[in-house]
Amino acid sequence: MLVRRFTIVCLLMSLFGMVFAILVAEAGRPARSSGMADTCRLDCVNHFDP
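Residues numbered from 1 in each chain as written. Predicted model: local features only at pLDDT ≥ 70, side-chain atom pairs only at ≥ 80, totals over all residues. Heavy atoms only, no water.

Moving on, we get to the overall build of the chain. From N to C terminus, the chain includes two helices and zero strands. Within the span of the chain, comprising 50 residues, buried residues form 0% of the whole. (Helix = DSSP H or I, 4+ residues; strand = E, 2+ residues; numbered from the N terminus. Buried < 20%, exposed > 50% of the residue type's maximum accessible area, 1.4 Å probe, protein only.)

And the structure:
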């Protein structure tokens, strides 16, 4: 009985830990600026055309 409770608690804690890790990783990401990345990439490609 104790082993079953321990297993359930461990599974719940690992699930909570994964969700918390995902939230922390998303919060730590820098915000994307859609305009600048596309403009720079296209500008760099056009710069090397003969």
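More follows now that the structure is in view.
Here we take up a nonpolar patch on the surface. A surface patch of nonpolar side chains, amounting to about 290 Å² of accessible area, comprises Leu15, Val19 and Leu23. Assignment of secondary structure puts Leu23 in helix α1 (residues 2-28). The exposure class of Leu23 is exposed, given its relative accessible area of 54%. (Patch = residues over 30% accessible without salt bridge, like charges linked within 9 Å, V, L, I, M, F, W, Y side chains within 5 Å. Areas by Shrake-Rupley, 256 points an atom, 1.4 Å probe, with all protein chains shown as cover. Salt bridge = Lys/Arg side-chain N within 4 Å of Asp/Glu carboxyl O.)

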